[in-house]
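What the coordinates show
Each chain, letter by letter, is given below.
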Amino acid sequence: YMPLDIHLSPLYRIQGQEQAEMPGMLALTPPKNAARGREQDRLIVYLALTGTATLTTSEYRKFAEDTAADFYQTPRAVTSALRAAADSLNKVLLERNMRTSSIGQYTLAWLALAAVREGQCIFSLNGPMHAYGFSANGSRHFFEPSISGKGLGSSQNISIHYAQTDLAANDMLLFCARVPNAWAAPLEDITPSSFDALRRRLTSLTSEDLN
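One structure accompanies this document, and this report is about it.

Each value, and the rule that gives it
Residues numbered from 1 in each chain as written. Predicted model: local features only at pLDDT ≥ 70, side-chain atom pairs only at ≥ 80, totals over all residues. Heavy atoms only, no water. Helix = DSSP H or I, 4+ residues; strand = E, 2+ residues; numbered from the N terminus. Rg over C-alpha atoms; globule rule 2.2 N^0.38 Å. Buried < 20%, exposed > 50% of the residue type's maximum accessible area, 1.4 Å probe, protein only. Contact = heavy atoms within 4.5 Å. Areas by Shrake-Rupley, 256 points an atom, 1.4 Å probe, with all protein chains shown as cover. Salt bridge = Lys/Arg side-chain N within 4 Å of Asp/Glu carboxyl O. Core = buried A, V, L, I, M, F, W, Y, C linked by side-chain atoms within 4.5 Å. Pairing = 2+ DSSP bridges. Axes fitted to C-alpha atoms, helices over the stretch in contact; angles between N-to-C directions.

Regarding its fold elements, the chain presents five helices and ten strands. A compact globule built from 211 residues should have a C-alpha radius of gyration of about 17 Å, and the chain, at 17 Å, falls within 12% of that. Judged by the C-alpha coordinates and their principal axes, the chain covers about 50 × 45 × 35 Å. Scored against the burial criterion, the 211 residues of the chain give a buried share of 44%. Across the chain, contacts joining residues at least 24 apart in sequence account for 66% of those joining residues at least 6 apart. Carbon and sulfur atoms form 49% of the exposed surface of the chain, whose accessible area is close to 11400 Å².

Below you can see the structure in the form of structure tokens.
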């Protein structure tokens, strides 16, 4: 089996300006010291932070990197590793929020993790995070309002929505923290065009900030 190439393309726009780098997004291949069971997993991390606290780009990036490290250090089932990664980020944010709550500052995380092994992708969604898959067979929307919750950092208990999809060449995945209203209908009914065409269409449908 030939592993699929994964191409990442951030759709990140603030006040009309496209941003080149998205601090909460990472794609990783397994490190040399990956735990047993993680040696074949490539990981995509998409983290969107919300709340009243101000964060630097390097803090944002560190949250994403630490989450990925926890995934690769957790052995056995892929869902255990996805949960452990979300759990540790939740603990860090919860402690931080408890320290700063007296001054009204808090940070919540909406997190999508996608573990790709050969042609299979298993992902976990925390908070009101949406995922869409586009393939020759049509499009799928992954979102579970009943367990989406406020995001990580709000409570000791975390809710996770797990989903999986098979990937083939030219398939596309879209992860989105806040889906612009103008995207809702088109995303449910997209015939996969080329990657660039889809990107152009989505950016032109709305002038809102995109992440």
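The subject of this paragraph is the pattern of salt bridges. Two side chains that carry opposite charge are able to pair once their charged atoms sit near each other. Summed over all chains, the structure comprises six salt bridges. Residues K62 and D66 are paired through a salt bridge, measuring 2.7 Å at the closest nitrogen-oxygen approach. With a gap of four residues between them, K62 and D66 both fall in helix α1 (residues 57–73), about one helical turn apart. Overall, the relative accessible area of 34% leaves D66 in the partly exposed class.

Further remarks concern the nonpolar core. The biggest cluster of nonpolar side chains holds 27 residues, and the ones touching the most others in it are V45, L47, F71, L89, L111 and L152. With seven residues, helix α2 (residues 78–100) is the largest single contributor of residues to this core. Setting aside residues no more than four positions away along its own chain, L89 makes contact with L47, F63, T67, A109, L111 and L152. If you look at the next biggest cluster of nonpolar residues, it comprises 20 residues, including A112, V116, A163 and F175.

What follows deals with the sheet that holds strand β10 (residues 172–176). Strand pairing in a sheet relies on backbone hydrogen bonds. The paired strands run either parallel or antiparallel. One open sheet holds the three strands; their spatial order is β8-β7-β10, and the pairing between them is antiparallel. A strand with exactly one partner marks an edge of an open sheet, and here the two such strands are β8 (138–142) and β10. On average, each strand axis in the sheet is inclined to that of its neighbour by 15 degrees, with strand direction left out of account. The pairing of strand β7 (residues 130–135) with β8 spans five bridges and is antiparallel. Paired with Y132 across the strands is H141, a residue of β8.

The values are spatial; any link to function lies outside them.
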